[in-house]
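The lines below spell out each chain.
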Amino acid sequence: MNYLQLLRPIQWIKNLFVFAPLFFSRHLLEASLFLHALSIFLIFCLVSSSVYCLNDMVDLEADKANPQKCMRPLASGAISLLAAKCIMVICLFFASALLLFTYKWTENPQLVLPIATYLVLNIAYSLWLKNHAIVDIVCIATGFVLRVLAGGLTTGIWVSHWIIIMTFLLTLFLALAKRMSETELGNTSRKSMAGYNRPFAYAALSVMASIIIVCYILYTIDSDVILHIGTPYLYTTSIWVLAGLLRYMQLIMVFHSNEGPTTIILRDPFLIGCGVVWMLCFVVFIYML
């Protein structure tokens, strides 16, 4: 159980972004392309888990002094530093083996680029970049964009600028919301927290939410998007995006939820409902009309 906790499998849900190009291109039900995307999903799961191991090793002393993070397997002593290093290497080994297999399977040399960039970016994040405000959340959002690009490359599907923009904005919003939660708790374990305070976080989050909803509406009324999806009613899905953003902001600002974005979303019925209905709308528009 401690080893599983070290790998943080609940965070693997973030890697579902690799399926975005496949879903929006109407090819999700094509078995061969789905398997290509699935292999990239598994690679990102292994790579991200190795990065979590590295991050826990780098933050070991700080985590021991943190009342919440001190219960992590490495900080609590449930797993030794040597064992954590071995697990990190094993994850990277299997990720490399699976990447080599996928590379030969898809015959796409460009596939290595976003995955390698993701790994290098996250190593730099764990060792240095996470200590700088704004830079830290930009790195997190960029990691999600790299997932989307990898999903597009492995399936040979062109990734539209809309997917890239919306992925970056949404994940930047969630990362900023997490920093705001940490300011509420008075978390000083992160060096980057010196660059955040409550007024800034509240204002920045409000600005980000406004930009997201405006960009999303522009996406839904774009003539090329309407032609591709095949319906002029895509703008109706804006209701669920707006409701979801407002609910998330309510949980952070009103109810002072201090958990990570993944945990907040998976535990809140309202957010789950918004996500499910939004997804069903797209399933109908893309695959049934």
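Residues numbered from 1 in each chain as written. Predicted model: local features only at pLDDT ≥ 70, side-chain atom pairs only at ≥ 80, totals over all residues. Heavy atoms only, no water.

Q: Whenever I open this one, the overall build of the protein confuses me. Can you help?
A: In terms of regular secondary structure, the protein is built from 14 helices and 0 strands. Sequence-ordered secondary structure for the protein, helices as α and strands as β, is α-α-α-α-α-α-α-α-α-α-α-α-α-α. What you see for the protein is a C-alpha radius of gyration of 19 Å, in line with the 19 Å of a compact globule of 289 residues. Relative to its 289 residues, the protein shows a buried fraction of 48%. Of the contacts formed within the protein by residues at least 6 apart in sequence, a portion of 72% connects residues at least 24 apart. As displayed, the protein has an accessible area near 14200 Å², and 73% of this comes from carbon and sulfur atoms. If the 17 positive side-chain charges of the protein are averaged to one point and the 13 negative ones to another, these points end up 7 Å apart. (Helix = DSSP H or I, 4+ residues; strand = E, 2+ residues; numbered from the N terminus. Rg over C-alpha atoms; globule rule 2.2 N^0.38 Å. Buried < 20%, exposed > 50% of the residue type's maximum accessible area, 1.4 Å probe, protein only. Contact = heavy atoms within 4.5 Å. Areas by Shrake-Rupley, 256 points an atom, 1.4 Å probe, with all protein chains shown as cover. Lys, Arg positive; Asp, Glu negative; His and termini not counted. Charge placed at Lys NZ, Arg CZ, Asp CG, Glu CD.)

Q: How should the pattern of salt bridges be read in this particular structure?
A: Where charged atoms of side chains with opposite charge meet at close range, the side chains can pair. Going through the model one piece at a time under the given rule, you end up with 7 salt bridges. Between Asp 268 and Arg 247 there is a salt bridge, with the nearest N and O atoms lying 2.7 Å from each other. Taken together, the positions of Asp 268 in the loop between α13 (261-267) and α14 (269-288) and Arg 247 in helix α12 (residues 238-253) put the pair 21 residues apart, joining distant regions of the chain. Arg 247 matches Asp 268 in its accessibility class, with the two residues each being buried. (Salt bridge = Lys/Arg side-chain N within 4 Å of Asp/Glu carboxyl O.)

Q: Before we go on, may I ask you to explain helix α10 (residues 198-221) in this structure?
A: Residues lying three or four places apart along an α-helix face the same way, a consequence of the helix completing one turn every 3.6 residues. With 24 residues, α10 ought to run about 34 Å at 1.5 Å a step, and its terminal C-alpha atoms sit 35 Å apart, in line with that. Those residues of α10 lying buried are Ala 201, Ala 204, Leu 205, Met 208, Ala 209, Ile 212, Ile 213, Cys 215, Tyr 216, Tyr 219 and Thr 220. The N-capping residue of α10, defined by a side-chain oxygen 2.9 Å from the backbone nitrogen of Phe 200, is Asn 197. (Expected span 1.5 Å × (residues − 1). Polar contact = N/O pair within 3.5 Å; in protein donor to acceptor, adjacent residues only side chain to side chain.)

Q: What's the story with unusual backbone geometry in this structure? I'm lost.
A: Glycine aside, residues mostly have negative phi, and peptide bonds are mostly found in the trans state. Here the phi dihedral of Arg 26 falls at roughly 75°; this positive angle occurs in a residue that is not glycine. One can find Arg 26 in the loop between α2 (20-24) and α3 (31-58). At Ile 134, a residue that is not glycine, the phi angle is positive and equals roughly 75°. Considering the arrangement of structural elements, one finds Ile 134 in the loop between α7 (112-127) and α8 (135-155).

Q: Help me out: how do you make sense of the packing of aromatic side chains in this one?
A: The geometry of two aromatic rings is summed up by the distance between their centres and the angle between their planes. Tallying each qualifying case throughout the model produces 14 aromatic pairs. Residues Phe 44 and Tyr 118 carry aromatic rings whose centres are separated by 5.0 Å and whose planes lie at 80° to one another, so their mutual orientation is edge-to-face. In this pair, Phe 44 sits in helix α3 while Tyr 118 sits in helix α7, placing the two residues 74 residues apart along the sequence. Exposure remark for Tyr 118: the relative accessible area of 4% places this residue in the buried category. Here a set of aromatic residues connected by ring pairs shows up, and it is made of Phe 23, Phe 24, Trp 278, Phe 282 and Tyr 287. Residue placement shows Arg 147 over the ring face of Phe 144; its charged tip is 4.5 Å from the ring centre. (Phe/Tyr/Trp six-rings, centres within 6.5 Å; stacked < 30°, edge-to-face > 60°. Lys NZ or Arg CZ within 6 Å of the ring centre and 35° of its normal.)

Q: Honestly, the packing of α7 against α8 in this entry has me stumped. Any pointers?
A: How two helices pack is summed up by the angle between their axes together with the distance between the axes. Running from N to C, α7 and α8 point in directions that differ by 165°, and their axes come no closer than 9 Å. Classified by the angle their axes make, α7 and α8 are roughly antiparallel. Crossing of α7 against α8: the hand is left-handed. Contacts between α7 and α8 involve Pro 114, Thr 117, Tyr 118, Leu 121 and Tyr 125 on the former and, on the latter, Asp 136, Cys 139, Ile 140, Thr 142, Gly 143, Leu 146, Arg 147, Ala 150 and Leu 153. Split by residue class, the contact of α7 with α8 holds 9 nonpolar, 3 polar and 2 charged. (Axes fitted to C-alpha atoms, helices over the stretch in contact; angles between N-to-C directions. Parallel < 35°, antiparallel > 145°, perpendicular 65-115°, else oblique. Left-handed = near helix turned anticlockwise from the far one by under 90°. Nonpolar A, V, L, I, M, F, W, Y, C, P; charged D, E, K, R; others polar.)

Q: How do you make sense of the environment of Trp 128 when you look at a structure like this?
A: On the secondary structure map, Trp 128 appears in the loop between α7 and α8. Take Trp 128: its relative accessible area is 52%, and that puts it in the exposed class. There is a polar contact of 3.0 Å between the side chain of Trp 128 and the side chain of His 132.

Q: Help me understand α7, please; the structure alone is not making it clear to me.
A: Relative to the 22 Å expected for 16 residues at 1.5 Å per residue, α7 spans 23 Å between its end C-alpha atoms, a close match to the ideal helical length. Looking at α7, one finds that the buried residues are Pro 114, Ile 115, Tyr 118, Leu 121, Asn 122, Tyr 125 and Ser 126. With its buried residues spanning 130° around the axis, α7 presents them on a single face. α7 presents Leu 113, Val 120 and Leu 127 as exposed residues on the side facing more than 90 degrees away from its buried surface. (Arc of directions from axis to C-beta.)

Q: Sorry, what's going on with the layout of surface pockets here?
A: Computed from the structure, the second largest pocket encloses a volume of approximately 290 Å³. Along the walls of the second largest pocket sit 15 residues, with Trp 158, Ser 160, Ile 163, Val 225 and His 228 positioned nearest its centre. Looking at the lining of the second largest pocket, the element that brings in the most residues is helix α11 (residues 223-229), giving 4 residues. Its residues placed into classes, the lining of the second largest pocket shows 9 nonpolar, 4 polar and 2 charged. (1 Å grid on protein atoms, 1.4 Å probe; cavity = no way out; pocket = protein on both sides within 12 Å on 5 of 7 lines; lining within 4 Å. Points joined across faces, edges and corners; volume = space filled by probe spheres on them.)

Worth remembering: the numbers are spatial, not functional.
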